[in-house]
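Below, each chain spelled out in residue letters.
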Amino acid sequence: MKKKASKRKKQRDFENTLAELVKKDDFIDYQFEHNDSSICLGYLKSAIDTEKLEKYILPQIQQNDYIDLNEVINDIPITKSQLIDDPNKLHEKLIQGYVFIYMENVNPQYLLVPIPLIKTRQVDIPEVEFSVVGPKEAFVENIDTNLNLVRKRIAVPELNIEKMKVGTVTKTKVAVVSIEGIADKENVRTVIQRIKDVQMDQVIDSSYIQQAITDNQNSPFPQLLDTERPDRIAAVLTEGKVAIFVDGSPHVLIGPTTLVEFFSAFEDYFLNWTLASAFRLIRLFAVFFSILITPLYVAVLTHHFELIPKTLLGTLVSSRTQVPFPPILEAIILELTIELLREAGARLPSKIGQTIGIVGGIVIGTASVEAGLTSNVLLIIVALAALGSFTTPVYQMGNTIRLIRFPLLVFAHIYGILGVGICIAYIMVHLLKLTSLGRPFLEPIFPFRLTDLKDAFIRLPFDKQNKRPFAVRPEKVLRSTKQDYDK
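Residues numbered from 1 in each chain as written. Predicted model: local features only at pLDDT ≥ 70, side-chain atom pairs only at ≥ 80, totals over all residues. Heavy atoms only, no water.

In the nomenclature of an unreviewed UniProt entry, the protein is known as GerA spore germination protein of Virgibacillus subterraneus. Word for word, the UniProt comment on the protein under Sequence similarities (unreviewed entry) is "Belongs to the GerABKA family." (UniProt positions renumbered as here; feature names shortened; annotations may be inferred.)

Laid out in structure tokens, this is it:
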């Protein structure tokens, strides 16, 4: 009696599931009549690969007379086909790209055949982290393709991949990748636990995960580094870091990270160490110049004009003769104009965006100087500051630099150079308190690590970097010899 009741319940559940599926416009079902049996097949047309259906499944069902589903699963040349007896799972499986097959008047079992439709773009060159030398591959939106790009670079069994699904609605696939025996287990556990604790209905991109698992979500500074380069991921994994892959995102997250890493382009490792160190120092100088030059201009002209050299005083006075605004308002107008041009260029199609950025900058800059709204000296300073912010290799840190200039401008107007110092001190205190996956964000500056300075502001030769970064607490501090992975 219990078996009959259970069978009737499963039949009712199946009928209810089938009734829900029939309401969908893209649900297709077939029924094939044979001498001794009737086989039914159903799928969502938008979720499956119809070529595989017509090539591997339909011919087998049309031509053969089956007694049970075990014969069907043996004839269909598709791996990972499975038999289930729970009709409540059918709806979820069909959405994932499965075809379900069942036989009427037979035990309530359902054969699920996976033929999902996977459309993705081909592997192309990096767009954000482009380099003249080095590999020319970039991640795409498909997580399996991205994992393959890393696997072929790190072909060792110690490469550990922990997969999970995040998002109550989207159920996005997320993979946490590390190298067992090198990566600190606590870092790996921290990343996995934080991802599992994410309470969101949708995860569309890796930036969702980044915002959800960072240590301080109110900080303008990114605490996880994102990259589109497989070679960079392979390099940081061998250092002992953890990578987070998100299906649908061409950017992979790296943690724990430090502030100095955001100013290091991966192309630095493809150049001679002297050239790489020089370019890195130029990049750091450009960032500090971008942050401080406009606030210092406002501070000096508002409170400390006596600091201006006599040879330069005449030029500044003549440039501001017709300007009716105080330096702070003049600077904010120009800074906002630059930001508007940058946003307009980023949102418009590429060819139009480039034209808007160049022509708009020339026309607006020239017109504002001729109209006496801004001085030509400040226009040059703001343009150079904008160029300096563009040298940041990581886009997210570039956004942070753009933002922190505005509070510096306000403090410079109120308190002069003292205000600039106060604001910088506040930023430094914030950075000292900041962590990335629980690790100090300012390392190797604080806490001071002499060994990690070998690849911070300058990059020493590879033979001088015989230890992994201490900031990530690797299980193997010394870089491995060939024998460690020669298996």
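## Points about the overall build of the protein
Secondary structure summary: the protein contains 15 helices and twelve strands in total. Relative to a compact globule of 487 residues, whose C-alpha radius of gyration would be 23 Å, the protein shows 30 Å and is clearly more extended. Structurally, the protein occupies a C-alpha span of about 105 × 60 × 40 Å along its principal axes. The burial tally for the protein puts 44% of its 487 residues in the buried class. The contacts of the protein with a sequence gap of at least 6 include a subset with a gap of at least 24, amounting to 65%. As displayed, the protein has an accessible area near 25800 Å², and 59% of this comes from carbon and sulfur atoms. With 55 positive and 55 negative side-chain charges, the protein shows a spacing of 5 Å between the two charge centroids. (Helix = DSSP H or I, 4+ residues; strand = E, 2+ residues; numbered from the N terminus. Rg over C-alpha atoms; globule rule 2.2 N^0.38 Å. Buried < 20%, exposed > 50% of the residue type's maximum accessible area, 1.4 Å probe, protein only. Contact = heavy atoms within 4.5 Å. Areas by Shrake-Rupley, 256 points an atom, 1.4 Å probe, with all protein chains shown as cover. Lys, Arg positive; Asp, Glu negative; His and termini not counted. Charge placed at Lys NZ, Arg CZ, Asp CG, Glu CD.)

## Structural notes on the packing of aromatic side chains
By convention here, two paired aromatic rings are described through the distance between centres and the angle between planes. Evaluation of the coordinates by the stated rule reveals ten aromatic pairs. With centroids separated by 5.8 Å and ring planes inclined at 10 degrees, the aromatic side chains of Phe100 and Tyr102 adopt a geometry described as stacked. Using a relative accessible area of 1% as the deciding quantity, one classes Phe100 as buried. We classify Tyr102 as buried; its relative accessible area is 13%. When the ring of Phe262 is compared with that of Phe441, the centres are 6.1 Å apart and the planes differ by 55 degrees; the resulting orientation is tilted. Of this pair, Phe262 sits in the loop between β10 (252-255) and α9 (273-303) while Phe441 sits in the segment after β12 (439-440); the two residues are 179 residues apart in sequence, bridging distant segments of the chain. Taken individually, Phe262 and Phe441 each receive the classification buried, so the pair is uniform in this respect. Joined through ring pairs, the aromatic side chains of Tyr30, Phe32 and Tyr43 make up one cluster. The cationic tip of Arg459 hangs over the ring face of Phe462; the distance from NZ or CZ to the ring centre is 4.7 Å. (Phe/Tyr/Trp six-rings, centres within 6.5 Å; stacked < 30°, edge-to-face > 60°. Lys NZ or Arg CZ within 6 Å of the ring centre and 35° of its normal.)

## Some remarks on the packing of α9 against helix α14 (residues 395-415)
Orientation of α9 relative to α14, taken along the N-to-C sense of each, is 20 degrees, at an axis distance of 8 Å. Between α9 and α14, the interaxial angle falls into the category roughly parallel. Considering only the axes of α9 and α14, their crossing is right-handed. Facing α9, whose interface residues are Val287, Ser290, Ile291, Thr294, Pro295, Val298, Ala299, Thr302 and His303, α14 presents Ile401, Ile404, Arg405, Leu408, Leu409, Ala412, His413, Ile414 and Tyr415. Residue classes in the contact of α9 with α14 are distributed as twelve nonpolar, five polar and one charged. (Axes fitted to C-alpha atoms, helices over the stretch in contact; angles between N-to-C directions. Parallel < 35°, antiparallel > 145°, perpendicular 65-115°, else oblique. Left-handed = near helix turned anticlockwise from the far one by under 90°. Nonpolar A, V, L, I, M, F, W, Y, C, P; charged D, E, K, R; others polar.)

## Let's talk about the nonpolar core
In this structure, Ile233, Leu237 and Phe245 are the most contacted members of the largest nonpolar core, which totals 42 residues. At the level of secondary structure, the elements contributing two or more residues to this core comprise α5 (143-151), β7 (172-179), α8 (230-239), β9 (242-246), β10, α9, α14 and α15 (417-433). Ranked by the residues each element gives to this core, the list is headed by α14, at five residues. Counting the residues that make up this core, at least three belong to each of domain 2 (143-257) and domain 3 (270-440). Not counting the four nearest positions on each side in its chain, Leu237 is found in contact with Val150, Ile154, Leu159, Val177, Ser178, Ile179, Ile182 and Ala243. Ranked by size, the runner-up nonpolar core spans 20 residues in total, among them Tyr43, Ile76, Met103 and Ile115. (Core = buried A, V, L, I, M, F, W, Y, C linked by side-chain atoms within 4.5 Å. Domains from an automatic or database assignment.)

## Side note on the UniProt feature "transmembrane region" (unreviewed entry) in the protein
Per the UniProt record, "transmembrane region" (unreviewed entry) is found at residues 281-303, 377-396 and 408-429. Between the end C-alpha atoms of residues 281-303 the distance is 31 Å, and the span holds 100% helix and 0% strand. The span residues 377-396 is 80% helical and 0% strand by assignment, and the distance between its end C-alpha atoms comes to 29 Å.

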